[in-house]
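# Overview (structure and organization)
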Amino acid sequence: MQTLDDWTQKYLSRPPLTRGDILPLLSLSDPAPLFRKADSIRRRFVGDGVYLRALIEFSNYCKNDCMYCGIRRSNAQAVRYRMTPNEITHTARQAVAAGYKTVVLQSGEDLWFDADKMSDIIRRIKNLGAAVTLSLGEKTREEYAAYRKAGADRYLLRIETTDKNLYEKLDPAMSWDNRVRCLEDLKELGYEVGSGSLVGLPGQTLESLAEDLLFFKSLPVDMAGIGPFIPHPHTPLAQEKADGHFELSLKMMAIMRLMLPDINIPATTAMETLHPQGRLLALQCGANVIMPNVTAETFCKNYELYPGKPHPGARAAAAWQEQLASIGRSVSAGYGFHGDYLKEQRAAR
Ligand code: SAH
């Protein structure tokens, strides 16, 4: 009789590349062997270093109305804020002084920040010596090109789900094809591209989660963040549950590490909301990046995508060293571009 371990080994002896390979891994009742495998692949390909990216949530105005998101346009209870360009660059300067090498600028789709204003902010942060990652949602190719010209290095845009019908049901008035167009434009413009999905959306199937992973492989992404869906009380999905979403997200992340062994994978903040040690656990199941929130509390307390977002606490990059040491890891000194790993691998061949 085949033991569970034999069966697991079969699927772990080569990278899962088809839906049929991925589904049994997503359904594992004991995912421990999968997690161990992802951890060892992570160590072999990207090492024990953890890259820290300083996250600035600079505006929660949003023109979109995604059903799952707490800063959706229709949520009249959300307290809206918009940091000024000076406040944004000041926060970035503090983050760089505290040892961060990358600044991530994230917001709702806020039209106040046009391409000129954004480009100016990007240039100012690049002048501090930091790499700049943007997460501003869907823009035109021209806007993406302008940000790139201003020096932006990376762009994060989750596909959220590859199930087009589900996407268009949950993101009314948005087009799934346009989101894919954005990701393709970003790749062509030379960004390091991050994508990712939400796990546990109502109506989402394991089959569609498997398709998400195949989609990341086909782009291919340089980074992908897997976030458990956490229902927000002031959204139409308030009555949904988050049961099981943490473990399923870890499985998605671990399988992604097997399929795309050298990409950057963040231990997402939403994982910490569902489990007190969520991010440290994720780092032991394939992740190699953390995005600490460096936004002033007065602002980010209102960037409530989902309830229970951990409060940042002004933590210098060095303070992460201690936490990471507890799991045998350390803060990486470099910028952590995926392109740099790829160059190293080519050189080693
Ligand atoms: N406007 C940007 C940033 C969106 S917010 C963009 O469109 O990319 C960042 C991420 O938060 C989203 O991509 C989504 O995956 C996640 N998110 C939104 N609502 C959530 C919820 N209820 N639970 C967990 N994650 C959520």
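Everything numeric in this text was worked out from a predicted model, so none of it was measured. (Residues numbered from 1 in each chain as written. Predicted model: local features only at pLDDT ≥ 70, side-chain atom pairs only at ≥ 80, totals over all residues. Heavy atoms only, no water.)

### With respect to the nonpolar core
The condition is simple: The definition of a nonpolar core used throughout is a set of buried Ala, Val, Leu, Ile, Met, Phe, Trp, Tyr and Cys residues joined through side-chain atoms within 4.5 Å. In this scheme, a residue with accessible area under 20% of its type's maximum is buried, one over 50% is exposed, and one in between is partly exposed, where area comes from a 1.4 Å probe on protein chains only. Secondary structure counts use DSSP, requiring at least four H or I residues in a row for a helix and at least two E residues in a row for a strand, with both numbered from the N terminus. Should any heavy atoms of two residues lie within 4.5 Å, those residues are considered in contact.
Counting 94 residues, the largest nonpolar core has Leu105, Leu134, Tyr147 and Phe216 as the members making the most contacts within it. The greatest single-element share of this core, amounting to 10 residues, is contributed by helix 10 (residues 245–259). Not counting residues within four places of it along the chain, the set of residues in contact with Phe216 comprises Ile159, Ser195, Gly196, Ser197, Val221, Ala224, Ile226, Met256 and Leu260.

### Observations regarding the UniProt feature "binding site: (3R)-3-methyl-D-ornithine" (unreviewed entry) in the chain
Which entries qualify depends on this criterion: UniProt positions are given in the numbering used here, feature names are shortened, and annotations may be inferred rather than shown by experiment.
The feature "binding site: (3R)-3-methyl-D-ornithine" (unreviewed entry), as given by UniProt, occupies Ser135 in the numbering adopted here. Turning to its location among the elements, Ser135 is positioned in strand 3 (residues 131–135). Those residues within four positions of Ser135 in sequence are excluded, and the remaining contacts are Leu105, Gln106, Ser107, Tyr155 and Leu156.

### Thoughts on the environment of Gly49
Here Gly49 shows up in strand 1 (residues 49–59). Between the alpha carbons of Gly49 and Asn288 there is a distance of 7.0 Å; along the sequence they are 239 residues apart. In contact with Gly49, other than residues within four places in its own chain, are Asn288, Ser330 and Ser332.

### A look at the pairing of strand 5 (residues 192–199)
To be explicit about the condition: One bridge is not enough; two strands pair if DSSP finds at least two bridges between them.
Burial of strand 5 is extensive: 8 of the 8 residues sit out of reach of the surface. Side chains of strand 5 alternate between two faces, with Glu192, Gly194, Gly196 and Leu198 and Val193, Ser195, Ser197 and Val199 buried alike. In this structure, strand 4 (residues 154–156) lies alongside strand 5, joined through 3 bridges in parallel fashion. By the bridge assignment for strand 5, Leu156 is matched with Gly194. In this structure, strand 5 lies alongside strand 6 (residues 223–228), joined through 6 bridges in parallel fashion.

### Re the UniProt feature "domain: Radical SAM core" (unreviewed entry) in the chain
Under the UniProt annotation, the feature "domain: Radical SAM core" (unreviewed entry) is placed at residues 48–266. Across residues 48–266, helical content stands at 38% and strand content at 18%; the span's end C-alpha atoms are separated by 14 Å.

### A short note on empty space enclosed by the protein
Empty pockets left among the atoms are what a rolling probe the size of a water molecule brings to light. Just so we agree on the cut-off: In the cavity and pocket records, a cavity denotes points on a 1 Å grid over the protein atoms alone where a 1.4 Å probe fits but cannot get out, a pocket denotes an open set with protein on both sides within 12 Å along at least 5 of 7 lines, and lining residues are residues with an atom within 4 Å of a point. Grid points are joined across faces, edges and corners, and a volume is the space filled by probe spheres set on the points. Residues were grouped as follows: Ala, Val, Leu, Ile, Met, Phe, Trp, Tyr, Cys and Pro as nonpolar; Asp, Glu, Lys and Arg as charged; and all remaining residues, including Gly, as polar.
All told, the structure shown has 3 cavities of 30 Å³ or more when counted by the stated rule. One number sums up the size of the largest cavity: a volume of about 50 Å³. Surrounding the largest cavity, Phe58, Ser107, Gly108, Glu109, Asp110, Phe113, Met118, Leu136, Lys139 and Tyr147 form its lining. Here the lining of the largest cavity is built from residues that sort into 5 nonpolar, 2 polar and 3 charged.

### Regarding the site of the ligand
Condition: Nearness here has a simple test: a residue counts as near a molecule or strand if at least one of its heavy atoms is within 4 Å of that partner. Under the rule applied, a polar contact is a pair of N or O atoms within 3.5 Å (in protein, one hydrogen donor and one hydrogen acceptor; residues adjacent in sequence only if both atoms are side-chain atoms). Each accessible area is a Shrake-Rupley result for a 1.4 Å probe, and residues are judged covered by the shown protein chains and nothing else.
Around the ligand there are 18 residues in total, and Tyr68, Ser107, Arg158, Glu160 and Ile230 lie nearest to it. In the environment of the ligand, a nitrogen atom lies 2.8 Å from a nitrogen or oxygen atom belonging to the backbone of Tyr68. Taking Glu160, its side chain carries an N or O atom lying 2.6 Å from an oxygen atom of the ligand. Summarising the interface, the protein chains cover 91% of the accessible area of the ligand, which totals 560 Å² for the free molecule. Per-class residue counts for the shell around the ligand are 10 nonpolar, 5 polar and 3 charged.

### Some thoughts on the pattern of salt bridges
Our working rule: Only one rule defines a salt bridge in this text: a Lys or Arg side-chain nitrogen within 4 Å of an Asp or Glu carboxyl oxygen.
In this structure the tally under the stated criterion is 22 salt bridges. The salt bridge partner of Lys343 is Asp340, with a shortest N-O separation of 3.6 Å. Here Lys343 pairs with Asp340, and both are found in helix 15 (residues 338–348), just 3 residues apart, close to one helical turn. Judged by relative accessible area, Lys343 falls into the exposed class, the value being 53%.

### So, unusual backbone geometry
The phi angle of most residues is negative, glycine excepted, and most peptide bonds adopt the trans form. Following Leu219, the chain continues to Pro220 via a peptide bond in cis, the omega torsion being -20°. Positive phi outside glycine occurs at Glu160, with the angle close to 70°. Its identity as a non-glycine residue notwithstanding, Ala173 has a phi of 70°, on the positive side. Turning to its location among the elements, Ala173 is positioned in the loop between helix 7 (164–170) and helix 8 (176–188).

### Details of the environment of Ala318
For Ala318, the location among the structural elements is in helix 14 (residues 317–325). Sequence spacing of Ala318 and Ser330 is 12 residues, and the spatial spacing of their C-alpha atoms is 9.7 Å.

### Re the packing of helix 5 (residues 115–126) against helix 6 (residues 141–150)
Under the convention used in this document: Structural elements are reduced to axes, namely lines fitted to C-alpha atoms, with helices fitted over the stretch in contact, and the angle between N-to-C directions of any two is expressed from 0 to 180 degrees. Orientation is classified from the angle alone, with under 35 degrees giving roughly parallel, over 145 giving roughly antiparallel, 65 to 115 giving roughly perpendicular, and any other angle giving oblique. We call a crossing left-handed when the near helix sits turned anticlockwise from the far one by less than a right angle, and right-handed when that turn is clockwise.
Between helix 5 and helix 6, the least distance of the axes is 8 Å, while the angle of their chain directions is 25°. Taken together, the axis directions place helix 5 and helix 6 in an arrangement best described as roughly parallel. Handedness of the helix 5/helix 6 crossing: right-handed. Residue-level inspection shows Ala115, Met118, Ser119, Ile122, Arg123 and Lys126 of helix 5 in contact with helix 6, the latter providing Glu143, Ala146, Tyr147 and Ala150.

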